[in-house]
Amino acid sequence: MPHSFGYRARTRHMFKRGFKEHGPVKLSTFLINYRVGDIVDIKANAAQQKGMPHKYYHGRTGIVYNVTPSAVGVIVYKVVGNRYLEKRVNLRVEHVRHSKCRQEFLDRVQTNHDAHVAAKEKGERINLRRIPALPRESRTVSTSQNAPQTIVPVPYETTI
């Protein structure tokens, strides 16, 4: 059992940099624009210890509520007991990135809009809802030209 309870206790693998990703933070990280209302993923970058999130928030997704020149404020919901608490976390931009969780929805909205406009020009109705995958149709396997085979494992042989 661990006997240290520091701020970064038990984060040996959580905060490590990836393979061939060591060294200083890339400058393109600082050129990304964040706006209030953006959905961001929190992932701590061990190369920058300032403005690093607590280990609880590593891997969480939140909404930007404040933007400063070198940091952003993020709202994250934390389960405490039987309720959700709104936690406001201030993080440097090295520790956040835009989330892709909403991209599939935005793409679907765009394709639905295009399909709706095309259908309206033709004067017909179109179903824009997602349809779940149906079960596969039944098949019949014939043994007339396909005799059953017994499969057995190949015995191990040493080639020394």
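Structure: see above.
Residues numbered from 1 in each chain as written. Predicted model: local features only at pLDDT ≥ 70, side-chain atom pairs only at ≥ 80, totals over all residues. Heavy atoms only, no water.

Quick look at the pattern of salt bridges
Side-chain pairing between opposite charges can occur once the charged atoms of the two side chains come close. For the structure shown, the criterion picks out 4 salt bridges. Between Arg88 and Glu86 there is a salt bridge, with its nearest N and O atoms 3.2 Å apart. Look at Arg88 and you get partly exposed, because its relative accessible area is 48%. The closest approach of N and O atoms between Glu104 and Arg108, which form a salt bridge, is 3.5 Å. One end of the pair, Glu104, and the other, Arg108, are both in helix H1 (residues 103-122), 4 residues apart, so they sit about a helical turn from each other. On the basis of relative accessibility, which here comes to 22%, the residue Arg108 falls in the partly exposed class. (Salt bridge = Lys/Arg side-chain N within 4 Å of Asp/Glu carboxyl O. Buried < 20%, exposed > 50% of the residue type's maximum accessible area, 1.4 Å probe, protein only. Helix = DSSP H or I, 4+ residues; strand = E, 2+ residues; numbered from the N terminus.)

A few points about the packing of aromatic side chains
The final tally for this structure, using the stated rule, is 1 aromatic pair. With 5.1 Å between their ring centres and 90 degrees between their planes, Tyr56 and Tyr57 make a pair best called edge-to-face. Tyr57 sits in the buried class, given a relative accessible area of 9%. Over the aromatic face of Tyr56 sits the side chain of Lys78, whose NZ or CZ is 4.5 Å from the ring centroid. (Phe/Tyr/Trp six-rings, centres within 6.5 Å; stacked < 30°, edge-to-face > 60°. Lys NZ or Arg CZ within 6 Å of the ring centre and 35° of its normal.)

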